[in-house]
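Below, each chain spelled out in residue letters.
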Amino acid sequence: MGEAADQFFVNLLHRLVDHAPAGVAPILSSLLSVVAILAVFASLFAVTTILERKGLGRIQNRYGPNRVGPFGFLQPVADGIKSLTKEDIVPHSADRVVHYLAPLVLVFAAFSLYAVLPIGRNMVLADLDAGVLFFFAVSSVMGLTIFMAGWSSRNKYSLLGAMRAIAQMISYEVPLILVSVTVIMAAGSLSTVSIVEKQAGYIGVLPRWYVFTPWGFAGFVLFMIAATAESNRSPFDLPEGESEIVAGYYTEYSGFKFALFFLGEYLGLFAISGLGITLFLGGWAAPLSFLTWIPSYLWFFAKLLAMIALFIWVRGTLPRLRMDQLMNFAWKFMLPMALIDLVTAGVWHFLPQGALRWFVCGALVVVPYVLLSRWLMQGWKLEKRVYRFAE
Amino acid sequence: MPKDLSERIILLFTIFAILTVTGAVAAMSLRNLVHSVLALTVAFSGLAAVYLLLGAQFVGLAQILVYVGAVAILVVFAILLTRDSGTVPLISGGSWRLLRGSGIVVFAVFGVLAWAICHSSVGRHTVHLSHDTSIYEIGNVMMQRFALPLEIVGALLTVALIGAVTIAMQEKEGRR
Amino acid sequence: MTPLTSCLLLSALLFSIGLAGALVRRNAILVLIGIELMLNAANLNFIAFWRYGSHAEALTGVMFVIFSIGVAAAEAAVGLALIISLYRHTRTTDVDKLNSMRG
């Protein structure tokens, strides 16, 4: 029964395609998969917006949207109708063609990221030999679309936001890729499917995910920080810091194009969370050996929702960074730690299994971390915060 | 037409080739510099698609990552940092002699190249690959036979990074 | 026309476009773009000869292109840094006006 439920969608696709004539079968197959991915992740976007607004509301001690539908859960529908019916304003001096193209290219690039993510067992659109490389290549295109949006608006806030976004994305792309290289090194493959397969199997009841190794854990933490910065989320949301530059690169977008930007941003977030799950959290594998009867795609989405919850939690907790803090953090902390992590993964690979390996690699991660953060925090005068209340 | 290229691949190749050439022509002829960089990314992406079509997956994706993701953004930053290069004329005034001279050079180069390509015997006997190359093989070759060049490229990139930062920062330090 | 020939012709066309741009356009950044296009044309040649040559399993063409992409990235970075530095000196990026060795 577990097997049938697990492969339900794969079999469904095969059955649908079987009836088609031989010439169009492969095209029909990929078309159906693409439509499924579009539908699932677009609706996940809708669910996430309401969850985020409600979650943030709770963190900030208020209710959040609760008027439309039961507990306010139909709010995304209302938002969608609103953004569709709003007037689409293009600034008078804007570069019309580029202004029009930017959100479209962004959403297109964001959707093509999902081509290499294994959502479940045998559920991947394209098992590319260089899957991880494809992911990074396409996500680097998204930086250019943000520039297109900011530049074509002819607005200083848009341009400032775009410059900030690009500087930030390029700076954090370096540690992000370096940390992914540790996993690629350990798995010996760039294909996302075989990276997931390499993490299959259990020791006792615990899975053999890369996050449960010293280098993998450090890598996962670095990956999550870099992913937050890549998807321009708080505390790294300077590109759209509303208290400084209105709304950053999409200040001049309204109506449906604004909604497309919103969609593209969240799709990027889901995709990079999905990559994190694939690289460190065993992809669609069950977290405990006796839970494997639950279909693999459910595990993938459970992990994805957990990551999204983490992102919402971080957004509700941490204040925004300053630009110099952001850059210093990327180049002085993230980059050296990613390089150390790379070395640690190599050492882990060549040491024999046992307690020694854990001790050496743990020390290799922890000691540089402590020393580096001590050194970076040298000039800081940290005092106990004093609260003053109104008399 | 050779047998190893099916009609679909020829069609795709034609589309990507037209895309690449159009992008390149636009990049070299548009007045607005940012537009020409955007056209350049189209040309680079078309070329990456041609690489993918030819079975060089790694190179195609590296092309997108490096050229579209890094070089194009670098150029865009340079354009925004140099104020006078917002919109530039196609040909600066009075340099028709230059235009004529370069036209002759360009057409001569292209003519010679095209003539040589069409008349050489290289194109006639083509060996087609029995297998597609995997990333695994590329990695093996890179770490064994090409280990030294790889190290040198790494050193070169480091030097270039430090050099570029020093050159671009120098002035600011001096003025302060 | 064989596939190798069409690849080589595309490459020659790309090279000529890049050359024309580098010769005719007077903005330093555009000259750099033209040079990048010419480099890319050379890369396409390597890939084409690797794909349709006789020793495909040696991967020499692919490796050459990978290194060439790396070198091109370094070249673009240094070139643009030089252009920015020149602009700070002379307030122009027009290569015709940059005719003095003393900044």
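For clarity, every value in this text was computed on a predicted model and none was experimentally measured.

A. Spotlight on the overall build of chain B. A count of helices and strands for chain B gives six helices and zero strands. Overall, chain B shows an N-to-C arrangement of helices and strands of α-α-α-α-α-α. Put simply, chain B has 176 residues, and 34% of those count as buried. The contacts of chain B with a sequence gap of at least 6 include a subset with a gap of at least 24, amounting to 56%.

B. Main features of the overall build of chain A. The helix and strand tally for chain A stands at 14 helices and two strands. Over its C-alpha atoms chain A spans a radius of gyration of 22 Å, differing by no more than 12% from the 21 Å that the globule rule assigns to 391 residues. Taking the principal axes of its C-alpha atoms as reference, chain A extends roughly 70 × 65 × 45 Å. Within the span of chain A, comprising 391 residues, buried residues form 42% of the whole. When contacts within chain A are restricted to residue pairs at least 6 apart in sequence, long-range pairs at least 24 apart make up 76% of them.

C. Looking closely at unusual backbone geometry. All names here are of chain A. A positive phi angle is found at Arg-154, which is not glycine, with a value near 55°. Checked against the element boundaries, Arg-154 lands in the loop between helix H6 (131-152) and helix H7 (156-187). A positive phi angle, close to 55°, is found at Asn-232, a residue other than glycine. Structurally, Asn-232 can be placed in the loop between helix H9 (214-230) and helix H10 (242-245).

D. Broad picture of the arrangement of the chains. Most contacts, among the two pairs of chains that meet, fall between chains B and C. No interface is formed between chain A and chain C, the nearest pair of C-alpha atoms being 14 Å apart.

E. Up close: the packing of H9 of chain A against helix H13 (residues 323-350) of chain A. Residue and element names in this part refer to chain A. One can describe the packing of H9 onto H13 by two numbers: an axis separation of 9 Å at closest approach and a directional angle of 150°. Compared by their axis directions, H9 and H13 come out roughly antiparallel. Pair H9 / H13 crosses with left-handed handedness. Between H9, through Pro-214, Trp-215, Ala-218, Gly-219, Leu-222, Ile-225 and Ala-226, and H13, the contact on the second element is made entirely by Met-334, Met-337, Ala-338, Asp-341, Thr-344, Ala-345 and Trp-348. In the contact of H9 with H13, the residues fall into eleven nonpolar, two polar and one charged.

F. Highlighting helix H3 (residues 25-59) of chain A. Residues and elements named next belong to chain A. The terminal C-alpha atoms of H3, which comprises 35 residues, lie 50 Å apart, in line with the 51 Å expected from a rise of 1.5 Å per residue. When H3 is considered as a whole, its buried residues turn out to be Phe-41, Thr-48, Ile-50 and Lys-54. Remark: Asn-61 follows H3 within two positions and exhibits a positive phi of approximately 65°.

G. Examining the packing of H13 of chain A against helix H14 (residues 355-376) of chain A more closely. Residues and elements named next belong to chain A. As a packed pair, H13 and H14 sit with axes 10 Å apart at the nearest point and diverge in direction by 165°. As far as their axial angle goes, H14 and H13 are roughly antiparallel. For the pair H13 and H14, the sense of crossing is right-handed. The residues of H14 that touch H13, namely those facing Lys-332, Phe-333, Pro-336, Met-337, Ile-340, Asp-341, Val-343, Thr-344, Val-347 and Trp-348, are Arg-357, Val-360, Cys-361, Leu-364, Val-365, Pro-368, Tyr-369, Leu-372 and Leu-376. Each residue belonging to the contact of H13 with H14 can be placed in one class, and the counts come to 15 nonpolar, one polar and three charged.

H. Layout of the interface of chain B and chain A. Listed per partner, the contact involves 15 residues of chain B and 17 residues of chain A. When contributions to the side of chain B that touches chain A are tallied by element, the ones reaching two or more residues are helix H2 (33-53) and helix H3 (57-81) of chain B. At ten residues, H3 of chain B tops the list of elements feeding residues into the side of chain B that touches chain A. Across the side of chain B that touches chain A, the residue classes tally to eleven nonpolar, four polar and no charged.

I. The arrangement of the environment of Ala-49 of chain B in detail. Relative to the assigned elements, Ala-49 of chain B resides in helix H2. Through-space distance from the C-alpha of Ala-49 of chain B to that of Leu-19 of chain B is 9.9 Å; in sequence the pair is 30 residues apart.

J. Structural context of the interface of chain C and chain B. Every contact between the two is made by 64 residues of chain C and, on the other side, 70 residues of chain B. Of all the secondary structure elements, the ones that give two or more residues to the side of chain C that touches chain B are helix H1 (3-24), helix H2 (28-52) and helix H3 (60-90) of chain C. Tallying contributions element by element places H3 of chain C first for the side of chain C that touches chain B, with 21 residues. Among the residues forming the side of chain C that touches chain B, the class breakdown is 41 nonpolar, 15 polar and eight charged.

K. A look at the environment of Met-185 of chain A. Residue and element names in this part refer to chain A. Relative to the assigned elements, Met-185 resides in helix H7. Note: C-alpha distance between Met-185 and Gly-346 (161 residues apart in sequence) is 7.8 Å. The contact partners of Met-185, leaving out residues within four places of it in the chain, are Ala-345 and Gly-346.

L. Seen up close, the environment of Gly-276 of chain A. Residue and element names in this part refer to chain A. Secondary-structure assignment places Gly-276 in helix H11 (residues 255-280). With 23 C-beta atoms packed within 10 Å, Gly-276 lands in the buried category. Measuring from C-alpha to C-alpha, the distance between Gly-276 and Leu-304 comes to 9.3 Å, with 28 residues separating the pair along the chain. Residues in contact with Gly-276, not counting those within four places in the same chain, are Phe-223, Met-224, Ala-227, Leu-281 and Met-307.

M. Broad picture of the nonpolar core. If you look at the biggest cluster of nonpolar residues, it comprises 186 residues, and the most contacted ones within it are Ala-162 and Ala-226 of chain A, Ala-72 and Val-75 of chain B together with Ile-29, Ile-47 and Leu-80 of chain C. By residue number, the principal contributor to this core is H3 of chain B, which donates 17 residues. Discounting chain neighbours no more than four positions away, the residues touching Leu-80 of chain C are Leu-74, Val-75 and Ala-78 of chain B together with Leu-32 of chain C.

N. Here's a closer look at H7 of chain A. Residue and element names in this part refer to chain A. Taking 1.5 Å per residue as the helical rise, H7 with its 32 residues ought to reach 46 Å, and the 46 Å between its terminal C-alpha atoms agrees with that figure. A bend of about 25° at Glu-173 is the largest found in H7, and the proline Pro-175 appears one to four places after it. In the stretch just after H7, Gly-188 is the one whose phi turns positive, near 70°.

O. Highlighting the confidence of the model for chain B. All names here are of chain B. For chain B, per-residue confidence averages 80 on the pLDDT scale, and 78% of positions sit at 70 or higher. Averaged over each element, pLDDT in chain B is lowest for helix H6 (residues 147-175) (80) and highest for H2 (90). Here the prediction assigns the complex a pTM of 0.87, and the interface score ipTM is 0.85.

Cut-offs applied
- Residues numbered from 1 in each chain as written.
- Chains lettered and ligands numbered in written order.
- Predicted model: local features only at pLDDT ≥ 70, side-chain atom pairs only at ≥ 80, totals over all residues.
- Helix = DSSP H or I, 4+ residues; strand = E, 2+ residues; numbered from the N terminus.
- Buried ≥ 20, exposed ≤ 12 C-beta atoms within 10 Å, placed from the backbone.
- Contact = placed C-beta atoms within 7 Å.
- Rg over C-alpha atoms; globule rule 2.2 N^0.38 Å.
- Axes fitted to C-alpha atoms, helices over the stretch in contact; angles between N-to-C directions.
- Parallel < 35°, antiparallel > 145°, perpendicular 65-115°, else oblique.
- Left-handed = near helix turned anticlockwise from the far one by under 90°.
- Nonpolar A, V, L, I, M, F, W, Y, C, P; charged D, E, K, R; others polar.
- Expected span 1.5 Å × (residues − 1).
- Core = buried A, V, L, I, M, F, W, Y, C linked by C-beta atoms within 7 Å.
- Bend = angle between axes of the 7 residues up to and from the residue.
- pLDDT = per-residue confidence, 0-100.

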